[in-house]
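Secondary and tertiary structure notes
Below are the chains, spelled out letter by letter.
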Amino acid sequence: MTPQEIIDTAVAALGVESVTPLVQGGQKFVLRATLSGSDVVVKIVPLPTGPAGDIVRERARREVELLAAVDSDRVVKVLSESVEIGERPDAVAWVEEYLDGNDLSQCMATPWSDDRAFRLLADIARGLQACHDLDVVHRDLSPGNVRQLANERYVLMDPGLARHLAKTALTGTYQPGTAGFRSPEHVPGGDPTPASDIFSLGILAFCARTGRFPVDPSGSESEYFKRLVNDQVPPIQTIDPSVGDDLASVIDRCLRRQPARRYLDGAELITDLEKIGR
Amino acid sequence: MSGVLLHDGRRSGHHGWCTSAIAEGVADGVFLSPFSTPRISVPRSPSGEEVARSVRAAGGEVIFDAMTHARLLPNTNRVDHYDTWELWGPAGLGLETPNQSLQHIERIFAHQHALGAPYLAPTMALEMPQSPTSDNMIAAAEIARGLQGGCWQSLAGTRAFWRAGQRLDAYVGRLAALRAPAWVVTVINEFVADHIPALDDTVAFAGLCRTVHSLSERSRVIVAHADFAGLICVASGADTIGSGWDRGMRVFDPSTFHVSSDDSIRIPASYVTQGGLLAVLRRDTADAIERWNPGLALAIRGGPMPPSDHAERTHHLRVLREVVQAVNVQGDRRMRVHELRTRYADAGQFFDTLIASLPRVVLPSDKKAWRNNQAEALQAYAADEQL
């Protein structure tokens, strides 16, 4: 099927109207549309041929299944089942709620205030808690997977690489994550856990507040991995002394090299944030 | 209750000595082991229930450690008392399958409940942090947590396990997620030659300290079969050391669980604890130090020369417990490390004086085994932690 045929078939199968493209290319098509009068997003993932197609299809199915199981206003809501497009099939598609605002990647040009960084931490910790309560690890928490809404609240998106801790990984030896936002457990041979999501959230907050990566992802991948595994991130106040003590304490703990010394999951981070009135 | 816990043993009089030590305030409780104490009393061996009752009456803490990590060692066959506890179900020995684990843990918990002891989940002896065995251990721990949410957890590893660096840290992250309120941590020795601690593997013991540090951020940590070698763990966050009077109480000695042609109990009867050296030296060495300088000998021993085995048992526990408590009262980890560092520095000076003054009696190898190896492991841990 051509891309347009896939889109047309998906739109018909999902019963959406007033379709306009939001993002096209890469691994998926993202369309804005309406469903029963409400704004929604349609996601369509083309499937490559062969065994890789089975993996992509399963990953997409899992993303939809996971989003349907998670009950949190800090995680994007899925509004349909995943639908297979074509006989082969050629793609899978589903409907999610429409979120206004922008991806975090478009909001980090200048350093944030402590308050805004705390809002990011608190909102995404709640989203992670909803995943971690289901024994699910997001594994790819990065600016492209967090939405800043118009009201400056934050929502977790795209757990397409998430893994149920009790299920076998789909990805084989593939290491998930985005350069700059990986945890020490993302290094090949490692096994990301809920504490790894906390590390990645710490990186997001560190980057947002200082405009710098806590672990430099430049250079070769092996050098980056070596830094992740061996180096303790410096306290954030050594990078920017204007960061408040409370925020510094939370971010520093998220970024402890040893997972046992971080917040172990979203719930533990939320408990600490609530203790300091956040 | 922090301090010193006495490991179980099979010597005649063992349980009476335990209750005396607790009553005298030089020990804080006991580990009951199915290898040493039968479920049903037999001549000269009271039942677990009787021992628990008498220890508790003396004011001590009772922990029933099923010692699964010892039972599953390939050469373990001293099971006369062990088998009376009927700790395994129809699925057989091992924690490889959920059925085996469930049947075993249910039986352990039932005995612990009957003894009024905390629920302590078992472990295997781990050799690698990333291995099917270490995954099975976590699976068994999750079953235990499903049975008793607040259960304590055992962790036992060989030196290779504690030496595994970042892989160990990652595994400890998974362990911490179990949220056990207390951990009982053991260093598995493949072979024990004598009563002298073998801490020459600095990387492994620094890894042990790092692990104790991580676990103690949320939980109580008890270092089993540790004696003086466990002090570095107290500095890094443990609050209690497992010890005793025989070799099999002070270190994890696989021969304790094996019936062999040389079946005598390893009794360190001709030794005297030297508190200032954090060491246990031969009695003839202690006598030589006493003859050379009685005043300094008194200071180094930390008390009068124990005239009998009973007095040495009490002296040893009192000295050990005093150091554990002195570290435990420190406000934070930096101060804990500082306290022990100071004691190792003092021990180093005492050793140097003795080696210089009694060169054929106190040897540099004594200093290395009892003081230098421990101090180096502590320093390696502290340097990593910037303490």
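Residues numbered from 1 in each chain as written. Chains lettered and ligands numbered in written order. Predicted model: local features only at pLDDT ≥ 70, side-chain atom pairs only at ≥ 80, totals over all residues.

1. Remarks on helix 1 (residues 14-23) of chain B
All names here are of chain B. Buried residues dominate helix 1, accounting for 7 of its 10 residues. Those residues of helix 1 that sit buried are H14, H15, W17, C18, T19, A21 and I22. On its buried face, helix 1 sits against strand 1 (3-6), strand 2 (29-32), helix 2 (48-57) and helix 13 (309-328). Of the residues one or two after helix 1, G25 is the one with positive phi, at around 80°. (Buried ≥ 20, exposed ≤ 12 C-beta atoms within 10 Å, placed from the backbone. Helix = DSSP H or I, 4+ residues; strand = E, 2+ residues; numbered from the N terminus. Contact = placed C-beta atoms within 7 Å.)

2. A look at the environment of G207 of chain B
Residues and elements named next belong to chain B. By the secondary structure assignment, G207 is in helix 8 (residues 202-216). G207 sits in the buried class, given 26 other C-beta atoms within 10 Å. C-alpha of G207 to C-alpha of A164: the two residues are 43 residues apart in sequence and 7.6 Å apart in space. Excluding its chain neighbours within four sequence positions, the residues that come into contact with G207 are W162, R163, A164, G165 and L168.

3. Some details on the domain arrangement of chain A
Residues and elements named next belong to chain A. Once the domains are mapped, chain A shows domain 1 (3-97) and domain 2 (102-275). On a C-alpha basis, the centroid separation for the pair domain 1 and domain 2 is 26 Å. Every contact between the two is made by 14 residues of domain 1 and, on the other side, 15 residues of domain 2. (Domains from an automatic or database assignment.)

4. Regarding the interface of chain A and chain B
Taken together, the 11 residues of chain A in the interface contact 11 residues of chain B. Residues that form the side of chain A that touches chain B fall into these classes: 6 nonpolar, 3 polar and 2 charged. (Nonpolar A, V, L, I, M, F, W, Y, C, P; charged D, E, K, R; others polar.)

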